[in-house]
Amino acid sequence: MYDAATVLLREYWRATGWNDQSSYLNLSKASDVLLDFTTPRGVIFSSATLTPASSFTASTRILTVPLSGFIAYSHASTNSIFDLGCIQDPLRCMTRAAPFLEPNMHFSQHKHQPKATREMLLYGSMHAPSSCVEALCVFRLSEHWQIMATALSNAPRFPVVPLGRWLGIIPPNRSGSESASTKGPIGPPGVTNLLLTLQHQSSRTMTEYTYSLDDALWGARILRHICSVADAATLSAGGELFFSIAEKSGGSTYIALLTFH
C-alpha cells in the first residue's frame, strides 16, 4: 500500500493538472509495481479528520506487525476540486500499476491560473516509536514550473548528553566518574536530510533539477517523448546526471524506451 504522502501528492498533481507520469523517475514504475512490490504484514488501522472547508486534515495510522504508527497533518490549496479524503480511499492507497500503464486516463486537463489562489500542498508526519519526522512542501510557481521540498529527520539513537560528552561538546562530570553509557563507543547521531526539486514541464518534455543536503548531491534529469508509433506506442528518451561534492563522485544514465499502451 502507498503511504499517505504518496496518495496526497498524486491527488494534488491530478487536481492541478501536473502530469507526473512524464517524469524520468517513473519510467519503470509499472514494472516495479508488478514485480517488486512489498508484501503487506499485519493489520493497519487508520483514521482521518477533515475540516468543513476540506482544506486541512489530520490522520493517524497504526500497524500491528511490527507495532508502529504515525500522526500526520496536511493542507492543500488549489483552484480545482481536491479530495483530501483520498488518504482514506482503499483503492487509491492500494499499490496499482494501472496509472503508469495508462497515464492519460489519470491526467487532469486543469490549467494553471496565474491570478488565482496560489496552489500548494503541505504535509508533515511524526512516527513512533522511531521518532522519525517527515515533511513535504509542493509549491506551484507557474503553468510550467513547480518546486518541491522533502525533509526527513531521525532522532539520535543515544541520549544527547552522553553523545555531547563523547564529541567533546559537553564537559565531563565534575566528579570525574562516567556512566556505563558513555564508556563504550557511541553510534552516529540522528540523520537529517533535505531534498529540493525544481521541475519544468512542457507538452513533451519534463526537466528536473535536484539538490540533496545530506551529501551535497546535485542532479539533473530529463525525459522527452519523441513521437508516437501508430496509436499503441510512444518513443521516449531521457537521461540523468548527478555529482556529489561531499563524496567527490558522479555518474550518469541514459535510456531510450518504447512504451506500449
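These figures come from a predicted structure and were not determined experimentally. (Residues numbered from 1 in each chain as written. Predicted model: local features only at pLDDT ≥ 70, side-chain atom pairs only at ≥ 80, totals over all residues. Heavy atoms only, no water.)

### Some remarks on the confidence of the model for the protein
Line of reasoning, step 1. On average, residues of the protein carry a pLDDT of 75, and 64% of them reach 70 or more.
Line of reasoning, step 2. Looking over the protein, one finds the lowest element-wise mean pLDDT in helix α6 (residues 180–183), namely 44, and the highest in strand β8 (residues 205–212), namely 94.
Line of reasoning, step 3. In the predicted structure, residues 176–187 sits below a pLDDT of 50 and forms 10 contacts with residues beyond four places in sequence or in another chain. (pLDDT = per-residue confidence, 0-100. Helix = DSSP H or I, 4+ residues; strand = E, 2+ residues; numbered from the N terminus. Contact = heavy atoms within 4.5 Å.)

### Quick look at the packing of aromatic side chains
Line of reasoning, step 1. By the definition in use, this model includes one aromatic pair.
Line of reasoning, step 2. Centroid distance Tyr 211 to Trp 218: 4.4 Å. Interplanar angle 45 degrees. Geometry classified as tilted.
Line of reasoning, step 3. We classify Tyr 211 as partly exposed; its relative accessible area is 22%. (Phe/Tyr/Trp six-rings, centres within 6.5 Å; stacked < 30°, edge-to-face > 60°. Buried < 20%, exposed > 50% of the residue type's maximum accessible area, 1.4 Å probe, protein only.)

### What to know about the pattern of salt bridges
Line of reasoning, step 1. Counted under the stated rule, the structure contains four salt bridges.
Line of reasoning, step 2. Of the charged contacts, one joins Arg 221 and Glu 208 as a salt bridge, the two residues approaching to 3.4 Å between their closest N and O atoms. A residue pair is termed long-range when its members are at least 10 positions apart, and Arg 221 in strand β9 (residues 217–229) and Glu 208 in strand β8 qualify at 13 residues. Glu 208 matches Arg 221 in its accessibility class, with the two residues each being buried.
Line of reasoning, step 3. Across the pair Arg 221 and Glu 240 runs a salt bridge whose closest N-O atoms are separated by 3.7 Å. In this pair, Arg 221 sits in strand β9 while Glu 240 sits in strand β10 (residues 233–244), placing the two residues 19 residues apart along the sequence.
Line of reasoning, step 4. Under the relative-accessibility criterion, Arg 221 is labelled buried at 11%. (Salt bridge = Lys/Arg side-chain N within 4 Å of Asp/Glu carboxyl O.)

### Side note on the pairing of β8
Line of reasoning, step 1. Burial of β8 is extensive: six of the eight residues sit out of reach of the surface.
Line of reasoning, step 2. Bridge count for strand β7 (residues 192–201) against β8 is seven bridges, and the pairing is antiparallel. Bridge pairing links Gln 199 to Glu 208 in β8.
Line of reasoning, step 3. Taken together, β7 and the strand that follows it, β8, pair antiparallel across an intervening segment of three residues.
Line of reasoning, step 4. Sheet analysis places β8 next to β9, joined by eight bridges and oriented antiparallel. The partner of Met 206 across the bridge, within β9, is Leu 223.
Line of reasoning, step 5. Taken together, β8 and the strand that follows it, β9, pair antiparallel across an intervening segment of four residues, in which Ala 216 is found at a positive phi of about 50 degrees. (Pairing = 2+ DSSP bridges.)

### Points about helix α1 (residues 4–16)
Line of reasoning, step 1. End to end, α1 covers 18 Å across 13 residues, agreeing with the expected 18 Å (1.5 Å per residue, within 8%).
Line of reasoning, step 2. Counting buried positions along α1 yields 10 of 13 residues, so the element is predominantly enclosed.
Line of reasoning, step 3. Along α1, the residues that are buried comprise Ala 4, Ala 5, Val 7, Leu 8, Leu 9, Glu 11, Tyr 12, Trp 13, Ala 15 and Thr 16.
Line of reasoning, step 4. One or two positions beyond α1, positive phi appears at Gly 17, with a value near 80 degrees. (Expected span 1.5 Å × (residues − 1).)

### Here we look at the environment of Thr 210
Line of reasoning, step 1. With respect to the helices and strands, the residue Thr 210 is situated in strand β8.
Line of reasoning, step 2. A residue is classified by how much of its surface remains accessible, and Thr 210, at 14% relative accessible area, is buried.
Line of reasoning, step 3. Once the C-alpha coordinates of Thr 210 and Leu 195 are considered, the two residues, 15 residues apart in sequence, prove to be 7.1 Å apart.
Line of reasoning, step 4. Sequence-distant contacts of Thr 210, that is, excluding residues within four places in its chain, are made with Leu 195, Leu 196, Thr 197, Leu 217, Trp 218, Gly 219 and Arg 221.

### What to know about the nonpolar core
Line of reasoning, step 1. If you look at the biggest cluster of nonpolar residues, it comprises 22 residues, and the most contacted ones within it are Leu 8, Leu 9, Phe 82, Leu 121, Tyr 123, Leu 136 and Val 138.
Line of reasoning, step 2. Contributing elements (two or more residues each) for this core: α1, β3 (68–77), β4 (120–128) and β5 (132–140).
Line of reasoning, step 3. Here this core gets eight residues from one element, more than from any other, and that element is α1.
Line of reasoning, step 4. In this structure Tyr 123 touches Ala 4, Ala 5, Leu 8, Phe 70, Ala 72, Tyr 73, Ser 74, Glu 134, Ala 135 and Leu 136, once residues within four positions along its chain are discounted. (Core = buried A, V, L, I, M, F, W, Y, C linked by side-chain atoms within 4.5 Å.)

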